[in-house]
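Listed below are the residues making up each chain.
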Amino acid sequence: MITDFAPAQEKREPRPVVGRFAPTPSGRMHLGNVASCLVAWLGARSAGGRMVLRIEDLDPRAQSREHARLIMGDLHWLGLDWDEGPYYQSDRTELYVDAISRLGKLGLTYPCFCTRSELHAASAPHASDGTYVYAGTCRNLSTEEVARRSATRAPATRLRVPDVDDPAGTVAFDDLVYGHVRETLATECGDFLVRRSDGVVAYQLAVVVDDGEMGVTQVVRGCDLLGSCPRQMYLQRQLGCAEPEYGHVPLLVAPDGRRLSKREHDLDLGALRERYRGPEPILGAIANRLGLCEAGEPVSAETLVGRFSWSVVAAHRDNIVVDDDFLP
């Protein structure tokens, strides 16, 4: 993936802005989740737009309605409201299966029998995000070979990407924070999964279907997902979905560079709500690192709407270190 890191020109699309929250209910929200949700909400509200709430619970290990309830409660406490939803991906499987069927009828999918260990042994991880470039091992299996292997192992489903010399396989876009991005799918990821061997639909496919069905025009999320955009945009083009604009925000990381996770229980919203009577100190600490308020200034989400600017966030795109002095 090539990124020139020059911020894209801030612009207003003629279509109304529809943003979205898309949390996974695998645990309580943490500070990194709050940062992404705050910018997503500000991006929509500052443009007079709407917000959709979608609970991304495709994986059976993340289908906790209790965790989803806690996340919604935390969003309300933060002052981050929404206009539509919640939608649960676990209730929308038929839409994803239909999309995969449509891709199959276009000759774009094929069964893959590779195990995780085989994939790791066949290719070095891509340097930028740790993903593996698929070598195309199962791309041209005969009908007889597919039948033979299917008798002992359920296959995953992969999407064919264009050959390296096919211009259709190079995807470019302007990110609202990180500027111009260009990626050739064949060399950066290869044919990628749209359904796992256990039948669970892949994230890349589900979010494309959902964003298209829900009319999402602006996707805001952590910069660790910047590399997902070209795959999702390629899927959008094959499925006839409108392409939203993207804004990727810096990650909140520990002093050793480790990305914050839901294992950091002292920084999750449960612990923070016990520590603070209101969300303003937390939002102020995050907003300050994004260039949206002064150091030590407690602010509400509503106060930040009039201060929000994509160009300001783009000027503060370095990952944010959460040390002992981060929160007041």
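Use the structure listed above.
On a predicted model such as this, the values are computed, not experimentally measured, just so you know. (Residues numbered from 1 in each chain as written. Predicted model: local features only at pLDDT ≥ 70, side-chain atom pairs only at ≥ 80, totals over all residues. Heavy atoms only, no water.)

J.: What's the story with the sheet that holds strand β6 (residues 156–159) in this structure? I'm lost.
T.: Reading across the sheet, the 3 strands line up as β5-β6-β9 and stay open at both edges, with antiparallel pairing between neighbours. Two strands in the sheet have a free side with no partner beyond their single neighbour: β5 (109–112) and β9 (192–195). Each adjacent strand pair in this sheet contributes to an overall mean axis angle of 45°, direction not counted. Note that β6 and β9 share 3 bridges and pair antiparallel. (Pairing = 2+ DSSP bridges. Helix = DSSP H or I, 4+ residues; strand = E, 2+ residues; numbered from the N terminus. Axes fitted to C-alpha atoms, helices over the stretch in contact; angles between N-to-C directions.)

J.: I'm lost on the side chain of arginine 231 in this one. Help?
T.: Inspection of the secondary structure puts arginine 231 in helix α8 (residues 229–239). Take arginine 231: its relative accessible area is 10%, and that puts it in the buried class. A polar atom in the side chain of arginine 231 sits 3.3 Å from the backbone oxygen of glycine 227. (Buried < 20%, exposed > 50% of the residue type's maximum accessible area, 1.4 Å probe, protein only. Polar contact = N/O pair within 3.5 Å; in protein donor to acceptor, adjacent residues only side chain to side chain.)

J.: What exactly am I supposed to notice about the sheet that holds strand β4 (residues 84–88) here?
T.: Here we have 3 strands laid out as an open sheet, ordered β2-β3-β4, and parallel in their pairing. On the outer flanks of this sheet lie β2 (18–21) and β4, each paired with one strand and no other. Ignoring which end each strand starts from, the neighbouring axes of this sheet average 25° apart. Pairing between strand β3 (residues 50–55) and β4: 3 bridges, direction parallel. Bridging across to β4, isoleucine 55 finds its partner in tyrosine 88.

J.: I keep staring at the environment of arginine 182 and nothing clicks. Help me out?
T.: Secondary-structure assignment places arginine 182 in strand β8 (residues 179–184). A sequence separation of 10 residues divides arginine 182 from alanine 172, and the C-alpha atoms of the two residues are 4.2 Å apart.

J.: What is the right way to look at helix α2 (residues 65–78) in this model?
T.: Given 3.6 residues per turn, any residue in an α-helix points the same way as the ones three and four places further on. The end-to-end C-alpha distance of α2, which contains 14 residues, comes to 20 Å, matching closely the 20 Å that a straight helix rising 1.5 Å per residue would cover. Three or more residues of α2 are buried, namely Ala68, Ile71, Met72, Asp74, Leu75, Trp77 and Leu78. Glycine 79, located one to two residues past α2, shows a positive phi value of around 85°. (Expected span 1.5 Å × (residues − 1).)

J.: I tried to follow the packing of aromatic side chains on my own but got confused; where do I start?
T.: Aromatic ring pairs: the centre-centre distance and the angle between the two ring planes describe each pair. Going through the model one piece at a time under the given rule, you end up with 2 aromatic pairs. On the numbers, 5.1 Å between centres and 80° between planes, the contact of phenylalanine 308 with tryptophan 310 is edge-to-face. You can call phenylalanine 308 buried: its relative accessible area is 10%. Across the ring face of tyrosine 88, the terminal group of arginine 65 is positioned such that the distance to the ring centre comes to 3.6 Å. Sitting over the ring of tyrosine 134, arginine 158 keeps its end group 3.7 Å from the ring centre. (Phe/Tyr/Trp six-rings, centres within 6.5 Å; stacked < 30°, edge-to-face > 60°. Lys NZ or Arg CZ within 6 Å of the ring centre and 35° of its normal.)

J.: Would you mind going over the pattern of salt bridges with me for this structure?
T.: Close approach of charged atoms allows side chains with opposite charge to pair. For the structure shown, the criterion picks out 24 salt bridges. Two residues, aspartate 211 and arginine 20, come together in a salt bridge whose shortest N-O distance is 3.1 Å. Of the two residues, aspartate 211 sits in helix α7 (residues 203–213) while arginine 20 sits in strand β2, which places them 191 residues apart along the sequence. Note on accessibility: aspartate 211 and arginine 20 belong to one class, buried. (Salt bridge = Lys/Arg side-chain N within 4 Å of Asp/Glu carboxyl O.)

J.: Got a minute to help me understand the nonpolar core in this structure?
T.: Nonpolar side chains tend to gather and get buried jointly when the protein is soluble and globular. Residues Leu31 and Leu205 are the most contacted members of the largest nonpolar core, which totals 92 residues. Of all the elements, helix α1 (residues 31–45) adds the most residues to this core, at 10 residues. Apart from residues no more than four positions distant in its own chain, leucine 205 is found in contact with Tyr96, Ala99, Ile100, Leu103, Val194, Leu235 and Leu239. Among the nonpolar cores identified, the runner-up in size contains 6 residues, and Tyr110, Cys112, Cys114 and Cys138 belong to it. (Core = buried A, V, L, I, M, F, W, Y, C linked by side-chain atoms within 4.5 Å. Contact = heavy atoms within 4.5 Å.)

Scope: geometric values only; no functional claims are made or implied.
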